[in-house]
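Reading the structure
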Amino acid sequence: MVILTLQELIKEVPQLEEYIRYMPEELWQRYTIRVYPPGTIIHQKDFTLNYFGIIAKGEHRVINEFQNGNVYMIEKNEPIDFIGEVTILAGMEKTSVTIETLTETTAVFFSRKDFEEWIAKDIHFLRLVSQKVAFKLYRSSYNRGARLFYPPHFILLDYILKSASAMDIEKKGSIILPKTRQALYEECGITVKTINRTIRKLKEDGLVSITRGKISMSLEQYRKARKAIYYYVNY
């Protein structure tokens, strides 16, 4: 279905109504709806931000890119989410991160000026935006602490276990993690060299296997790994 209006989008995504319930009347005539395919950069780090967006459908990842070419994934988000809220609330001109779609993504955009006037008038919306920002900061701080102080064996195994659970390994009996070493580096914050060394160790311990070059895990390995993971905190 091609989305033409905000009213049509609300019919597809009813929870969107809560966010725009008290939106100023004039903004109903001043928005743009865009649909992005997977792998699209919605906005780039260090670019001037002139808009605010509400992601109604689709998943995306927030990444930090560095001059040496390294990419670090900060978080992965699902709808409903926002684009540009941190930059605008911080009063900054340029974006601090890059946003890339993981699935087909539908977003509603408003000008930066309209958003700033909107949150000044609508306490309900400001509270929802603030809650989302606070949640992201909390999650980022929590995960960053783990990456700083836990060894790579724990971080990678914890990531594999969470991925296996999300892929419903209990029902399927086994899974293959569809991630390249580069993707694991970006998401776990561990160098590719360390990832390869860690995978070898996990394989030696009988917690994972390698299938067609990808990490795989049987249900038996999954249950064994859940019991063994805390050993790796002190590895």
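What counts as what
- Residues numbered from 1 in each chain as written.
- Predicted model: local features only at pLDDT ≥ 70, side-chain atom pairs only at ≥ 80, totals over all residues.
- Heavy atoms only, no water.
- Phe/Tyr/Trp six-rings, centres within 6.5 Å; stacked < 30°, edge-to-face > 60°.
- Helix = DSSP H or I, 4+ residues; strand = E, 2+ residues; numbered from the N terminus.
- Buried < 20%, exposed > 50% of the residue type's maximum accessible area, 1.4 Å probe, protein only.
- Salt bridge = Lys/Arg side-chain N within 4 Å of Asp/Glu carboxyl O.

Concerning the packing of aromatic side chains
- This model, assessed by the stated rule, comprises ten aromatic pairs.
- Between Phe52 and Phe125, the aromatic rings sit 6.1 Å apart at their centres with planes inclined by 80°, giving edge-to-face as the arrangement. In this pair, Phe52 is assigned in strand 3 (residues 51-57) and Phe125 in helix 5 (residues 123-149), connecting sequence segments 73 residues apart.
- Phe125 gets classed as buried once you look at its relative accessible area, which sits at 0%.
- Judged by centre distance (3.9 Å) and plane angle (10°), the rings of Trp118 and Phe125 are stacked.

Some remarks on the pattern of salt bridges
- Using the criterion set out here, one finds twelve salt bridges in the structure.
- With a shortest N-O distance of 2.8 Å, Arg61 and Glu100 are connected by a salt bridge. Residue Arg61 is found in strand 4 (residues 60-65), and its partner Glu100 is found in strand 7 (residues 98-101); the two are separated by 39 residues along the sequence. One exposure class covers both Arg61 and Glu100, and it is buried.
- Here the residues in one salt-bridge network are Asp81, Glu85 and Lys136, joined through shared partners.

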